[in-house]
Amino acid sequence: MPVAVIQMVSQSDVLANLARARVLLEQAAAGGARLAVLPENFAAMGRRDIADIGRAEAFGQGPILPWLKQAARDLKLWIVAGTLPLPPVDQPEARSHACSLLVDDQGQIVARYDKLHLFDVDVADNRGRYRESDDYAYGGNVVVADTPVGRVGLTVCYDLRFPELYSELRAAGAELITAPSAFTAVTGAAHWEVLIRARAIETQCYVLAAAQGGVHPGPRETFGHAAIVDPWGRVLAQQDQGEAVLLAERDSSEQASIRARMPVASHRRFFSQGARQRPVQDDEFKA
């Protein structure tokens, strides 16, 4: 079952970004992909009117959700829509979440993940300070859904630094995990590949790491290096910068073999909250 990961260099113009995303999704579908993952902030980068964008989408007045559903129907493609701002379904006036949607090939939203970990970090780059919590509310749920390519767990970007979330996704039956991202150039160069490979190895899942890769308004520079990583930690496809469509096949038989030969899920041990090993005194080692 082929899957696709998309890399973009999104700007502030929503309609222009959607047009570019459509071209890339068409390439993914033409390559045989059944599921494609768009990057974080695929529809807009560098905008300060996040609340307005989210509210318009919630009230059916924005362009992103209709575009997304139409693309899925036209291309007969399951799509993980990186992130877009959306308030809770039953509270359209509330603060938006950084929301990753799973849309089926009939254009129906079948799963929604609101980003759990928000990027409130100081980085040694031109921007220096990132505070996602200024714009977004925290999510609160772990999300896994069935798709034609397997059971998919949803994460976003900064989540990659929190392995306990990935362990929960594996426990919930995930076979593939999506990680649409917009890593900074600085943090990406230091940690991106290590993190996506580690999360794949730990969970024995395919990690579908879509990315932003270039220069955006703000100013902001993203690391790129979108990749597909297999359950053994092998990078099956990767793109350094610029737009790209990466394709790979999920080998379910090999994945099952890896999990059978190294059954880490059944070996996992748990400890009580707050448990600590007592300090060892030097004289304990003296004869």
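Model, not experiment: these values are computed from the prediction.

### Let's talk about the nonpolar core
Stage number 1. Leu35, Leu160, Trp192, Ile196 and Leu208 are the most contacted members of the largest nonpolar core, which has 47 residues in total.
Stage number 2. Setting aside residues up to four positions removed in sequence, tryptophan 192 forms contacts with Leu160, Ala179, Ser181, Phe183, Thr187, Ala209, Ala210, Ala211, Phe223, Gly224 and His225.
Stage number 3. Within the second largest apolar cluster, 31 residues are counted, among which are Ala4, Leu18, Ile53 and Leu101.

### As for the UniProt feature "domain: CN hydrolase" (unreviewed entry) in the protein
Stage number 1. What UniProt calls "domain: CN hydrolase" (unreviewed entry) maps, in this numbering, to residues 1-252.
Stage number 2. Counted over residues 1-252, helix gives 27% and strand 30%. Its end C-alpha atoms are 9 Å apart.

### As for the pattern of salt bridges
Stage number 1. One pass over the full model with this rule turns up 16 salt bridges.
Stage number 2. For aspartate 122, the salt bridge is made with arginine 131, and the minimal N-O distance between the two is 3.1 Å.
Stage number 3. You can call aspartate 122 exposed: its relative accessible area is 56%.

### Topic: the environment of alanine 51
Stage number 1. Looking at the element boundaries, alanine 51 is found in helix H2 (residues 50-58).
Stage number 2. Along the sequence, alanine 51 and aspartate 135 sit 84 residues apart, while their C-alpha atoms lie 7.3 Å from each other.

### Observations concerning the sheet that holds strand E16 (residues 235-239)
Stage number 1. One open sheet accounts for six strands, arranged E8-E9-E10-E11-E15-E16; its pairing is mixed. Where the open sheet ends on each side, the last strands, each with one partner, are strand E8 (144-147) and E16. Geometrically, the sheet is characterised by an average inter-axis angle of 20° between neighbouring strands, direction not taken into account.
Stage number 2. Sheet topology note: the strand E10 (residues 176-178)/strand E11 (residues 206-209) ladder contains three bridges and is parallel.

### Looking at unusual backbone geometry
With the exception of glycine, the majority of residues adopt a negative phi angle, and the majority of peptide bonds are in the trans configuration.
Stage number 1. Residue proline 219 follows glycine 218 across a cis peptide bond; omega there is -10°.
Stage number 2. The topology assignment puts proline 219 in the loop between strand E13 (215-216) and strand E14 (220-221).
Stage number 3. Its identity as a non-glycine residue notwithstanding, asparagine 41 has a phi of 55°, on the positive side.
Stage number 4. If you trace the backbone, asparagine 41 turns up in the loop between strand E2 (35-37) and H2.
Stage number 5. Its identity is not glycine, yet glutamine 204 carries a phi of approximately 55°, on the positive side.
Stage number 6. When you line up the elements, glutamine 204 lands in the loop between helix H5 (185-203) and E11.
Stage number 7. Accessibility expressed as a relative area gives 2% for glutamine 204, which makes it buried.

### A few points about the pairing of strand E5 (residues 109-114)
Stage number 1. As judged from the five bridges shared by strand E4 (residues 97-103) and E5, these two strands associate in the antiparallel manner. Each residue of the ladder has a partner; that of leucine 102, found in E5, is alanine 111.
Stage number 2. The antiparallel pairing of E4 with E5 creates a hairpin that spans five residues between the two strands, and glycine 107 there sits at a positive phi of about 80°.

### Details of empty space enclosed by the protein
Stage number 1. By the definition in use, this model includes one cavity of 30 Å³ or more.
Stage number 2. Residue lining of the largest cavity: Asn41, Ala43, Ala44, Ile50, Ile53, Ile64, Thr83, Leu84, Pro85 and Tyr136, and that is the complete set.
Stage number 3. Here the element with the most residues in the lining of the largest cavity is strand E3 (residues 78-86); it accounts for three residues.

Parameters and conventions
Think of each chain on its own: its residues are numbered from 1, step by step along the sequence as written. Side-chain atom pairs in this predicted model are given and counted only at pLDDT of 80 or more, local residue features only at pLDDT of at least 70, and totals for whole chains, interfaces and linings cover all residues. For side-chain calculations, the full set of non-hydrogen atoms in the structure is used, while hydrogens and water are omitted. Nonpolar cores are built from buried Ala, Val, Leu, Ile, Met, Phe, Trp, Tyr and Cys residues. Side-chain atoms within 4.5 Å join them into one set. Type-normalised accessible area, obtained with a 1.4 Å probe on protein chains alone, sets the label of each residue: buried when under 20%, exposed when over 50%, and partly exposed for intermediate values. Whether two residues are in contact is decided by their heavy atoms, any of which lying within 4.5 Å being enough. UniProt positions are given in the numbering used here, feature names are shortened, and annotations may be inferred rather than shown by experiment. A run of H or I in DSSP counts as a helix once it spans at least four residues, and a run of E counts as a strand once it spans at least two, with each numbered from the N terminus. We define a salt bridge as a contact between a side-chain nitrogen of Lys or Arg and a carboxyl oxygen of Asp or Glu at a distance within 4 Å. At least two bridges found by DSSP between two strands are what make those strands a pair. With axes taken as lines fitted to C-alpha atoms, and helix axes fitted only over the stretch in contact, angles between N-to-C directions fall between 0 and 180 degrees. The rule is simple: put a 1 Å grid over the protein atoms alone, call a set of points where a 1.4 Å probe fits but cannot get out a cavity, call an open set with protein on both sides within 12 Å along at least five of seven lines a pocket, and count a residue as lining if it has an atom within 4 Å of a point. Grid points are joined across faces, edges and corners, and a volume is the space filled by probe spheres set on the points.

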